[in-house]
2 protein chains.
Amino acid sequence: MQIINQKTVEVCFSPALINLFDCKGATIVVVDILRATSSICVAFEHGAESIIPLASIEETIKYKEKGYLIAGERNGEMIEGFDLGNSPFGFMENRIRGSKIALTTTNGTQAINAIPKDAAEIVIGSFLNLNAISNYLAEQDRNVIVLCSGFKNKFNLEDTLLAGAIVNRLRLNQKHTIDCDSAVAAEYLYLKAKDNLFEFLENSSHRKRLHKLHIESDIKYCLSPNQSKAIPVMRDGVLVNYKEKSE
Amino acid sequence: MQIINQKTVEVCFSPALINLFDCKGATIVVVDILRATSSICVAFEHGAESIIPLASIEETIKYKEKGYLIAGERNGEMIEGFDLGNSPFGFMENRIRGSKIALTTTNGTQAINAIPKDAAEIVIGSFLNLNAISNYLAEQDRNVIVLCSGFKNKFNLEDTLLAGAIVNRLRLNQKHTIDCDSAVAAEYLYLKAKDNLFEFLENSSHRKRLHKLHIESDIKYCLSPNQSKAIPVMRDGVLVNYKEKSE
């Protein structure tokens, strides 16, 4: 039995496909768990005031003299002259509290920029804030599209697993219907992987690539559910913590 | 231990993403199992001489007066004035033997047209010729990219399951390495679904849509592995049966 007017949840596997989805009035959950969206959640959990996601290194550097912490990576490596890389552990430091951060990353920012302008809201998802973001989505009376950043516009497993976890939470909540093959597939993969996400990703090419960068501890942390209650939401191009704003 | 120079197998979930893959020198397996690529395999199994895949209805109609059987569908329904729709059962008729067929379909033809011109070869895959096509791919010394036609450029489950089945066959054959997240995901989904493909697709939106068209028997047949030894290969824009050519 299907309830009339029930909202839907869909999953988009690549920023290059988001224009095929009806984003009008929907909440878009941007997912880039290794490591941009995980680090964003950590920053808000540790008291960051706001985060501006930016496409280019040049743009980001300009925020340095405005008193921002500047952060980011290219191909997984830190950028010379930046305050922070993209490791979640960097965003746990004392200087994060009350800070404004300008962040540039390879895949995450590009995903945000690809979202059609008629979307109602953009939020940030990671395993770290899985329950917080899922509960937030369930409370909203909106269609949900989980946008996986992927790797250079290709499908990747780690973002898909989080998408599947969110779909699974929304299914249990019963306020959204799952009527999209990508969402069905993502949920199956999550259910297969959930008991050992790290081991499952041993088979992922991106994970293998990241392995070469010696960030295994980052990856393990990014795969830990519910370390943060942050709900990063985009307001006029700037990410703020919905939770803190509403308290 | 990885063997140097081993060929790779990748999976592309949408024609809209194929330009992200390095197709140069690769064999591209076009997959649109409900129902175009299944019907193509059936036609060759029943003695068709050649099949021309075409984008438009208008183009296809012109082949009628050249003595071709004209076949195809739009949104799953037969086109007025055509000899055949897109049901695999239609391609089992006596008139198929020795025939030339012009075929237009919603998704499959568009997938073929999206393939970069530097690909070495285009072949056609379905569950019906799963072992035949997998053995053919294993014999070739080429990288393999399985291109899922999807549904209007979106990911779909049924094509992904066949992609996963092909990946699984190539893994067992050990001549190809699987170093692509899409291939890993497709194989997991196939292994989850393989004991009851039809039931698994109950959760697929495309299958639900097709259900409305009352083609359940078509779907069940299209999900039956190894009904055909056909190896449809593209030669100068025309599909022919490699098997028959080489015998």
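Below: a short report on this structure. (Residues numbered from 1 in each chain as written. Chains lettered and ligands numbered in written order. Predicted model: local features only at pLDDT ≥ 70, side-chain atom pairs only at ≥ 80, totals over all residues. Heavy atoms only, no water.)

1. Quick notes on the overall build of chain A
The criterion, for reference: For the purposes of this entry, the term helix denotes a DSSP run of H or I that reaches at least four residues, the term strand denotes a run of E that reaches at least two, and both are numbered from the N terminus. We take the radius of gyration over the C-alpha atoms and set the globule estimate at 2.2 Å times the residue count to the 0.38 power. With a 1.4 Å probe rolled over the protein chains alone, any residue whose accessible area is under 20% of its type maximum counts as buried; one over 50% counts as exposed, and the rest are partly exposed. The contact criterion used is simple: two residues touch if any of their non-hydrogen atoms lie within 4.5 Å. For the area figures, the Shrake-Rupley method with a 1.4 Å probe applies, and any residue is considered shielded solely by the protein chains shown. Only four residue types enter the charge count: Lys and Arg as positive, Asp and Glu as negative, with His and the chain ends excluded. A charge is said to be at NZ when it belongs to Lys, at CZ for Arg, at CG for Asp and at CD for Glu.
The secondary structure content of chain A amounts to 10 helices and 11 strands. Relative to its length of 247 residues, chain A is compact, with a C-alpha radius of gyration of 17 Å against a globular reference of 18 Å. Seen through its C-alpha atoms, chain A measures out along the principal axes to roughly 55 × 40 × 30 Å. Looking at the 247 residues of chain A, the share that counts as buried comes to 59%. Within chain A, contacts between residues separated by at least 24 positions form 76% of all contacts whose residues are at least 6 apart in sequence. Summed over all atoms, the accessible surface of chain A reaches about 10400 Å², with 45% contributed by carbon and sulfur. When the 28 basic and 30 acidic side-chain charges of chain A are each reduced to a single mean position, those positions are 0 Å apart.

2. Details of the packing of aromatic side chains
To keep it simple, the criterion reads: In summary, the pairing rule links any two rings of Phe, Tyr or Trp, Trp by its six-membered ring, whose centres are within 6.5 Å, and it sorts them by plane angle into stacked for under 30 degrees, edge-to-face for over 60 and tilted for everything else. Both a distance and an angle decide whether a charge sits over a ring: NZ of Lys or CZ of Arg must be within 6 Å of the ring centre and within 35 degrees of the ring normal.
Scanning the entire structure with this criterion turns up 13 aromatic pairs over all chains. Centre to centre, the rings of F13 of chain A and F155 of chain B are 5.0 Å apart; their planes meet at 85°, and the pair counts as edge-to-face. Separated into two different chains, F13 of chain A in the loop between strand 1 (7–12) and strand 2 (27–31) and F155 of chain B in the loop between strand 8 (144–148) and helix 5 (157–173) make up a pair that spans both. Given a relative accessible area of 5%, F13 of chain A falls into the buried group. Through pairs of rings, three or more aromatic residues link up here, namely F13 and F155 of chain A together with F13 and F155 of chain B. Positioned above the aromatic ring of F21 of chain B, the side-chain terminus of K154 of chain A is 4.2 Å from the ring centre.

3. Points about the interface of chain A and chain B
Put simply, the test is: Values labelled buried area give the accessible surface lost by two parts on being combined, using a 1.4 Å probe and summing over both. Basic side-chain nitrogens of Lys or Arg form a salt bridge, by our definition, when they fall within 4 Å of a carboxyl oxygen of Asp or Glu. Definition of a polar contact: a pair of N or O atoms within 3.5 Å, with one able to donate and the other able to accept a hydrogen when the atoms are protein atoms, and with sequence-neighbouring residues admitted only if both atoms are side-chain atoms.
On the side of chain B, 29 residues touch chain A, which itself brings 29 residues to the contact. Roughly 2300 Å² of surface becomes buried between chain A and chain B when both sides are summed, with 63% attributable to carbon and sulfur atoms. Interface area lost by chain A to chain B is led by K154, D181 and Y188 of chain A, which between them contribute 28%. For the pair chain A and chain B, the number of links is 2 salt bridges. Across the pair K154 of chain A and E10 of chain B runs a salt bridge, and its minimum N-O distance is 3.5 Å. For the interface between chain A and chain B, the tally reads 4 residue pairs in polar contact (both at pLDDT 80 or more). For the side of chain A that touches chain B, the elements supplying multiple residues, two or more each, are helix 5 (157–173), helix 6 (181–193) and helix 8 (205–211) of chain A.

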